[in-house]
Amino acid sequence: QTGVVQTRSSRMACLPEGLPVLAGATDSTAAFLASGATRVGDENSTLGSTLVVKRLCSCIIGDRDGRCYSHKLPDNRWLLGAASNVGAAWIREDFPEIEFTKGSNENVWHLPTDNMAYPLTGIGERFPFRVPSATSFCTPPAENRQEEFAANLQGLAFAERLGYEIISDITGISS
């Protein structure tokens, strides 16, 4: 569907008012479409400052807990998705000293870890659970920065896995 940039959006996005808009998508929706996923049940993770998980469905599916949302796609398909406040923003914010270069993987040698971490950069979580007061944690406290980093990586992976389990429960489609 086509349209034009409206006055308010023009000011917010620094785009000319009246500019034609032919299509649009969030970064995670564009990533899903670019992944080549085409079959009902196909899924995709997009990791940016947040973590987004999506699954292609044949119909709109509601989430009584309000954690997930749906995007209408062509051919009467729907893209069920959810965004977690856990993502990769914590890396730059909490570990600015870490430089990512080829071969710089000393932190992964601490995996798996017995530490349980949930690496939020702000307050509140919306998926895989909705807790407005949620904060990051690492328990027991890590003994060093490498162990804490590894615990956060592991916590991110656990959040992604839990997200897919929840989407499987909601859709009735196993991953």
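Everything quoted here is computed from the prediction, not taken from an experiment.

Peer 1: Explain the nonpolar core here, please?
Peer 2: A general tendency of soluble globular proteins is for nonpolar side chains to be buried together. Judged by nonpolar contacts, Leu51, Val86, Trp90, Ile91, Phe95, Ile98, Tyr118, Leu120, Ala134, Phe149, Leu156 and Ala159 together constitute the single largest core of 12 residues. If you list the elements that add at least two residues to this core, you get helix H3 (89-94) and helix H4 (145-171). Take this core: its biggest share by element is 3 residues, from H4. Apart from the residues within four sequence positions on either side, Phe95 is in contact with Trp90, Arg145, Glu148, Phe149 and Asn152. Listed in part, the 10 residues of the second largest apolar core include Val53, Leu80, Tyr164 and Ile167.

Peer 1: Explain unusual backbone geometry here, please?
Peer 2: Outside of glycine, negative phi angles account for most residues, and trans bonds account for most peptide bonds. The omega torsion of the bond from Leu111 to Pro112 falls at -10°, within 30 degrees of zero and hence cis. In this structure, Pro112 sits in the loop between H3 and strand E7 (116-118). Cis geometry is found at the peptide bond from Phe127 to Pro128, where omega equals 15°. Counting through the fold element by element, Pro128 comes out in the loop between E7 and strand E8 (137-139). Phi is positive for Cys14, which is not a glycine, with a value near 60°. With respect to the helices and strands, the residue Cys14 is situated in the loop between helix H1 (7-13) and strand E2 (20-21). A residue is classified by how much of its surface remains accessible, and Cys14, at 69% relative accessible area, is exposed. Located in the positive-phi region is Asp75, a residue other than glycine, with phi close to 60°.

Peer 1: In this structure, what is going on with the sheet that holds strand E5 (residues 69-73)? I would like to understand it.
Peer 2: Sheets are built from strands that pair by backbone hydrogen bonding, the pairs being arranged parallel or antiparallel. With antiparallel pairing, 4 strands are arranged side by side in an open sheet as E3-E4-E6-E5. Of all the strands in the sheet, just strand E3 (43-47) and E5 have a single pairing partner and so form its edges. In this sheet, adjacent strand axes meet at a mean angle of 25° when their direction is disregarded. Pairing analysis gives 5 bridges linking E5 to strand E6 (residues 77-84), with the strands arranged antiparallel.

Reading guide: rules and limits
Residues numbered from 1 in each chain as written. Predicted model: local features only at pLDDT ≥ 70, side-chain atom pairs only at ≥ 80, totals over all residues. Heavy atoms only, no water. Core = buried A, V, L, I, M, F, W, Y, C linked by side-chain atoms within 4.5 Å. Buried < 20%, exposed > 50% of the residue type's maximum accessible area, 1.4 Å probe, protein only. Helix = DSSP H or I, 4+ residues; strand = E, 2+ residues; numbered from the N terminus. Contact = heavy atoms within 4.5 Å. Pairing = 2+ DSSP bridges. Axes fitted to C-alpha atoms, helices over the stretch in contact; angles between N-to-C directions.

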